[in-house]
Each structure stands twice: as structure tokens, then as C-alpha cells.
Amino acid sequence: MATFRRATRATALSCVLAGAPAADAAPLLRCQVDQGGQTWHVETAPVADPYGVRPLDIDGKFRFKAVMVGDEGQVEYVKLYAYHQTRRKPVLLHEATYLAPPVGTDPAGTALTGEHTVFSPWLEREMRYRCTLREVAR
């Protein structure tokens, strides 16, 4: 009976270690944002404070904000925001939340979002974005 318990603990520990990120790797969120024939690349590392992350201006028409909360060992969540930029202030068009997303090891990244399209309420403009999440060497 004691042998079975040791084997079970060893198996459980090896499964946990196999799923854990390598000690020299960290998660990286990469997003590609397309608008008006231009492309922006956004790379986001884990942060403890999501309020310190500033949105990216997309040609004065939109704003895009990618937030990954967690640390090198665990991503708690990813939140993505798309805003329409008015003369007075940005207006939220879209928010997506991904809770504890898996971090892939594929060099191309693991698709997190698929492709999202948001439309400006004026002037019929659109912005598209897609994001991947992967481990990168530190």
C-alpha cells in the first residue's frame, strides 16, 4: 500500500512539473492589430497592476489595450480592450476576458483570440486584431 502511495505522489508531482513553465521562460502575449491598411504589433508581459498598462493609439481612430495579469509562473487572466477615439475621450467598443489561459510552447504561439473585428460608430471604420500566447526565453 505504501508503494502505491509513493508512486501516485511521484506521478502527480511529475505531471505538475511537466505542465509548469521552464524556469528560464516567461509568458508573452503578442497581438497583431490591423486598421486602415497598417499593422501594429503589440507585445505584453505579465503585470501585477493592470491599471498601469496604457492603451496603444491606432492611427488616432482607435485605441487597443492588452493586459496580462500574473507572473512568470502563472497567467491569471488576459483582458483585451478596443476603444473608438472621439475628440473628447475614448469610448469602449469591445472587451474580451480570458481566465487562466494556457501558455503554449509553439514558437508561433498558441492562438488565444481568433480574429476580432470592431467597428467605429462613425465614419464606418474598422479595426481587426488577433492574439497569441506563448512562452519565451528570458
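Let me begin by describing the structure that accompanies this report.

Rules and cut-offs
Residues numbered from 1 in each chain as written. Predicted model: local features only at pLDDT ≥ 70, side-chain atom pairs only at ≥ 80, totals over all residues. Heavy atoms only, no water. Helix = DSSP H or I, 4+ residues; strand = E, 2+ residues; numbered from the N terminus. Buried < 20%, exposed > 50% of the residue type's maximum accessible area, 1.4 Å probe, protein only. Contact = heavy atoms within 4.5 Å. Areas by Shrake-Rupley, 256 points an atom, 1.4 Å probe, with all protein chains shown as cover. Disulfide = S-S within 2.5 Å. Pairing = 2+ DSSP bridges. Axes fitted to C-alpha atoms, helices over the stretch in contact; angles between N-to-C directions. Polar contact = N/O pair within 3.5 Å; in protein donor to acceptor, adjacent residues only side chain to side chain.

What to know about the overall build of the chain
Working step 1: Tallying secondary structure elements over the chain gives one helix and nine strands in all.
Working step 2: Starting at the N terminus, the α and β elements of the chain follow one another as α-β-β-β-β-β-β-β-β-β.
Working step 3: Every one of the 138 residues in the chain was classed for burial, and the buried ones make up 36%.
Working step 4: A separation of at least 24 residues holds for 47% of the contacts in the chain among residues at least 6 apart in sequence.
Working step 5: Only carbon and sulfur atoms are counted for the fraction: they give 54% of the accessible area of the chain, which is about 8,800 Å².

Points about the state of the cysteines
Working step 1: Counting across every chain of the model gives one disulfide.
Working step 2: A sulfur-sulfur distance of 2.1 Å marks the disulfide that ties Cys 31 to Cys 131. Its S-S torsion of approximately 110 degrees makes the covalent link between Cys 31 and Cys 131 right-handed. Here Cys 131 lies in strand S9 (residues 126-137) and Cys 31 lies in strand S1 (residues 25-35), a separation of 100 residues in the sequence.

Re the sheet that holds strand S5 (residues 75-85)
Working step 1: Pairing is antiparallel across the open sheet formed by four strands, whose spatial order is S3-S4-S5-S6. The two strands at the open ends of the sheet, each matched to only one other strand, are strand S3 (56-58) and strand S6 (90-99). Strand-to-strand twist in this sheet, taken as the mean axis angle between neighbours without regard to direction, amounts to 20 degrees.
Working step 2: For S3 and strand S4 (residues 62-70), the ladder comprises three bridges, and the chain directions are antiparallel. Residue pairing for S4: Ile 58 is matched across the bridge by Phe 62.

A short note on the side chain of His 84
Working step 1: Structurally, the position occupied by His 84 is in strand S5.
Working step 2: At a separation of 3.1 Å, a polar atom in the side chain of His 84 contacts the side chain of Ser 120.
Working step 3: If we ignore the near neighbours within four places in the chain, the residues touching His 84 are Lys 61, Phe 62, Lys 89, Pro 90, Val 91, Leu 93, Ser 120, Pro 121 and Trp 122.

Things to note about the side chain of Thr 44
Working step 1: Locating Thr 44 in the fold gives a position in strand S2 (residues 38-44).
Working step 2: The residues contacting Thr 44, other than those within four sequence positions of it, are Leu 28, Leu 29, Ala 66 and Met 68.

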